[in-house]
Amino acid sequence: MQDEDYKNYLKNHNHPKVRLMHFIGQIITIVFFAYTAYNRYWGLMLLTPLVVYPFAVSGHVFFGRKGNKPSFYKMSFVRAKLCDIKMFIDILKGNLRIW
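Heads up: these notes are all about the structure in this document.

Definitions and limits used
Residues numbered from 1 in each chain as written. Predicted model: local features only at pLDDT ≥ 70, side-chain atom pairs only at ≥ 80, totals over all residues. Heavy atoms only, no water. Helix = DSSP H or I, 4+ residues; strand = E, 2+ residues; numbered from the N terminus. Buried < 20%, exposed > 50% of the residue type's maximum accessible area, 1.4 Å probe, protein only. Contact = heavy atoms within 4.5 Å. Polar contact = N/O pair within 3.5 Å; in protein donor to acceptor, adjacent residues only side chain to side chain. Salt bridge = Lys/Arg side-chain N within 4 Å of Asp/Glu carboxyl O. Lys, Arg positive; Asp, Glu negative; His and termini not counted.

### Remarks on the environment of Thr36
Point 1. Here Thr36 shows up in helix H2 (residues 16-38).
Point 2. Note on Thr36: relative accessible area 0%, which makes it buried.
Point 3. Setting aside anything within four residues of it in sequence, one finds Thr36 in contact with Tyr41, Leu44, Met45 and Thr48.
Point 4. Separated by 3.0 Å, the side chain of Thr36 and the backbone oxygen of Phe33 make a polar contact.

### Looking at the pattern of salt bridges
Point 1. What the rule picks out here adds up to one salt bridge.
Point 2. The salt bridge partner of Asp5 is Arg79, with a shortest N-O separation of 3.7 Å. Highlighted residues: Asp5 in helix H1 (residues 3-11) and Arg79 in helix H5 (residues 77-93), separated in sequence by 74 residues.
Point 3. Under the relative-accessibility criterion, Arg79 is labelled partly exposed at 35%.

### Examining the side chain of Lys81
Point 1. Of note, Lys81 is situated in helix H5.
Point 2. One buried charged side chain, Lys81, makes no salt bridge at all; its nearest oppositely charged neighbour is Asp84, positioned 4.2 Å away.
Point 3. With sequence-adjacent residues up to four places away left out, Lys81 is seen in contact with Gln26, Pro49, Val52 and Tyr53.

This is how it looks when you write it as structure tokens:
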């Protein structure tokens, strides 16, 4: 992932509530992954990368500015996911607000 990708990603996630919805989705993704790994639901574990998207997309729809679309429309799924993880880490470090 390039810094330019992340800068563009953050422009599309400038509203704290959009970031909050992504953050909630990432927490639920981590819980989902741990649950499926613990219970050895290997097939369900394959869905782990997709768990965040209902939360992320609803954040864009309800709190994003007009025309705000999820980043996977503009960049590859993998790059968008890497940016999403970086934003999650930045939120945990206190570098980005979600309130």
